[in-house]
Amino acid sequence: MNNVTKSDDSGQISAVIIPRQDHPVSTSRFSEAALNVLNRLNNEGYKACLVGGAVRDLVLGREPKDFDVGTDAHPEQVRGLFRNARLIGRRFRLAHVRFRGEIIEVATFRAHHDARDDKQDAALSDEGRILRDNVYGTIEEDVIRRDFTVNALYYDIKDHSIIDFVGGMQDLELGVLRLIGDPDQRYREDPVRMLRAIRFSAKLGFTIEQASEEAITANASLLSNVPAARYFDEVLKLFLGHCALTTFEKLRHYGLFAYLFPATDTVLETEEHNFPLMLVSQALRNTDQRLAEGKHVTPAFLFAAFLWEPVRLRAAELVVNGASPIEALQIAGNQITGDQVKTIAIPKRFSYPMREIWNLQARLDRRFGKMPYKVLDHPRFRAAYDFLLLRCGAGEADQELGDWWTRFQEVSDNERQEMIKLVPSNPARGNKKRRRKKKKSSEKDA
């Protein structure tokens, strides 16, 4: 490989420049939108690079999920070049440029916080967590601000070379995930990097470099300081990336799952039977399979699976105290959801159907009269039925119940009525008290 070493004026940092003929990345695999943004910035005299996960995935022969651009143009300058751009973010200000439904994220190169004293541009918490990060700099300064070496490769559109400051290409070859800089400091700056380490390790099949790995255990408690609003998107990235089960196992291995789902983690650690673990694991396997088949997975179903056991146990307590099964599930669902949103801010568009899935579990057991037909017509029936099958597969619900509902969907209406009549201990049959006939007046007088 004909590598060229590049240094900045101070001589403090150097990069390996890999020319086009010595790397596998081709613009033919870029999206049209990404290529348009890169070329326009370059033509206007700005440095423009594809950066981050897209370069990493292209080098590995994978299909990038999205394309991010790094540039020395400031956000306002980017907006001036693209009429379809809008500026977003306060903590980390950047531009979103939209082309035919695709959004290209354009971020200005960042510098160290001590490069400027203006608190409007940068701010840290007392623990060292980055609260605001808008100190702009050069590409040489920007690379030090990125998280992992394999995510710090720059594809320069000007000469189609890859710029590697931190040995990212070598770590890609070795299959190693390594933080840039001191791991303890980097995790203090942004504790979510620990979750990203787990996610990339699971997604890429990479091992976490020893120092970066040891610092996860030492700094795990910092995750309790992350705002709940930020966690929701991070959780979706963790479990909707085609490796949900592996990610879950790694989160538990490193003790991080407890900071995302504390009630669930307590159940998994203390219960003797393995119903909860089997249910969650199967839900995550199904998630990976559906995504592999190009099918949609709603976050409501995932959260329902994660939180079901705490809800079920709380509902059981309420039933003992006199609540009906349906009422108990409603109350328990509201209580557990209320506790969970303090950790992860689950939007109502997902928390509401999640609770409906739980509430329908009690109704699925009421197979008498018109109830099965009402449940079958419910908008959440399919999700609730799939959830019931998960419970059956984990051994927590009776398989007969799951089989009954499977057949009930397939047969004719006459057969459905016969199925309802044959349900054991059907409260619709044989339990009604006979009303005493009123005596005729003649009989009464006699």
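Just so we're clear, the structure is a prediction, and the values are computed from it rather than from any experiment. Each chain carries its own residue numbering, running from 1 in the direction its sequence is written. In keeping with the predicted nature of the model, local features appear solely for residues at pLDDT of at least 70, side-chain atom pairs appear and are counted solely at 80 or more, and the whole-chain, interface and lining totals rest on all residues. Side-chain figures throughout are based on the complete set of non-hydrogen atoms in the structure, without hydrogens or water.

A. Region of interest: the pairing of strand β6 (residues 94-99). Partly exposed describes any residue whose relative accessible area lies between the buried limit of under 20% and the exposed limit of over 50%, with all areas from a 1.4 Å probe on protein chains only and scaled to the type maximum. The secondary structure listing takes helices from DSSP runs of H or I that are at least 4 residues long and strands from runs of E that are at least 2 residues long, numbered from the N terminus. Among the six residues that make up β6, five are buried, leaving the element largely enclosed by the rest of the structure. Two strands pair under a simple rule: DSSP has to find at least two bridges between them. Here β6 pairs with strand β7 (residues 102-108) via five bridges, running antiparallel. Looking at β7, one finds that V97 is bridged to I104. Linking two consecutive strands that pair antiparallel, namely β6 and β7, is a turn of two residues; a positive phi of about 50 degrees is found at R100 within it.

B. Representation of the confidence of the model for the protein chain in the model. In the predicted model, the protein chain carries a mean pLDDT of 88, and 87% of its residues have values of at least 70. Here residues 1-11 is a poorly scored stretch, pLDDT under 50, and it has 22 contacts once near neighbours within four places are set aside; other chains count. For residues 115-120, every residue scores under 50 in pLDDT, and the model assigns this stretch five contacts once sequence neighbours within four places are set aside. Looking at any residue, its pLDDT shows the predictor's confidence there, from 0 to 100. Contact criterion: two residues are considered in contact whenever any of their non-hydrogen atoms come within 4.5 Å of each other.

C. Here's a closer look at the pattern of salt bridges. By convention in these notes, a salt bridge is any Lys or Arg side-chain nitrogen within 4 Å of a carboxyl oxygen on Asp or Glu. Tallying each qualifying case throughout the model produces 23 salt bridges. With a closest N to O distance of 3.7 Å, E418 and K421 form a salt bridge. Of this pair, E418 and K421 are both found in helix α20 (residues 413-421), three residues apart, which corresponds to roughly one turn of the helix. Exposure remark for E418: the relative accessible area of 42% places this residue in the partly exposed category. Look at K421 and you get partly exposed, because its relative accessible area is 44%. Among the charged side chains, a network of salt bridges with common partners joins E309, R312, R391 and E396.

D. View of unusual backbone geometry. The backbone of R100 sits at a positive phi, close to 50 degrees, despite the residue not being glycine. By the secondary structure assignment, R100 is in the loop between β6 and β7. R100 sits in the exposed class, given a relative accessible area of 77%. At H160, a residue that is not glycine, the phi angle is positive and equals roughly 65 degrees. Inspection of the secondary structure puts H160 in the loop between β10 (153-156) and β11 (161-164).

E. Fine view of the packing of helix α10 (residues 244-253) against helix α13 (residues 275-292). Comment: axis = line fitted to C-alpha atoms, over the contacting stretch for helices; angle = value between 0 and 180 degrees taken between N-to-C directions. Here α10 crosses α13 at 140 degrees, and the two axes come no closer than 7 Å. On the basis of their axis angle, the class for α10 and α13 is oblique. Contacts between α10 and α13 involve A244, L245, F248 and R252 from the first element and L277, V280, S281, L284, R285, T287 and D288 from the second. Each residue gets one of three labels, nonpolar for Ala, Val, Leu, Ile, Met, Phe, Trp, Tyr, Cys and Pro, charged for Asp, Glu, Lys and Arg, and polar for the others, Gly among them. For the contact of α10 with α13, the class distribution of residues is six nonpolar, two polar and three charged. Here the word oblique covers every angle except those under 35 degrees (roughly parallel), over 145 (roughly antiparallel) and from 65 to 115 (roughly perpendicular).

F. Up close: helix α19 (residues 399-410). Over its twelve residues, α19 extends 17 Å from the first C-alpha to the last, a length consistent with the 16 Å expected when each residue adds 1.5 Å. Within the span of α19, buried status applies to L401, G402, W404, W405 and F408. Along α19, the residues classed as buried sweep out an arc of 160 degrees about the axis, all on the same side. On its buried face, α19 is in contact with α17 (371-376), α18 (381-393) and α20. Whenever a nitrogen or oxygen atom comes within 3.5 Å of another N or O atom, the pair is scored as a polar contact, on the condition that within protein one atom can donate a hydrogen and the other can accept it, and that pairs from neighbouring residues in sequence are kept only if both atoms are in side chains. Where α19 starts, the residue carrying a side-chain oxygen 3.0 Å from the main-chain nitrogen of E400 turns out to be D398. Here, expected helix span is obtained from the residue count minus one, scaled by 1.5 Å. The reported arc concerns the directions from the helix axis to the C-beta atoms and nothing else.

G. Examining the environment of L41 more closely. By secondary structure assignment, the location of L41 is in helix α1 (residues 32-43). Setting aside its immediate chain neighbours within four residues, L41 contacts Y46, A48, V69, T71, A73, L81, F82 and V106.

H. Fine view of the nonpolar core. Side-chain atoms within 4.5 Å are what join buried Ala, Val, Leu, Ile, Met, Phe, Trp, Tyr and Cys residues into a set we call a nonpolar core. In terms of nonpolar packing, the biggest core is built from 102 residues, with F239, L256 and F261 touching the most fellow members. Counting residues per element, this core draws most heavily on helix α14 (residues 299-320), at twelve residues. Excluding residues that lie within four positions of it along the chain, L256 makes contacts with M194, L195, I198, I216, A220, L223 and L251. If you look at the next biggest cluster of nonpolar residues, it comprises 20 residues, including L360, Y373, A384 and L401.

I. How the structure looks around the environment of L223. Relative to the elements of secondary structure, L223 occurs in the loop between α8 (210-219) and α9 (228-239). Setting aside its immediate chain neighbours within four residues, L223 contacts P191, V192, M194, L195, Y231, L256 and Y259.

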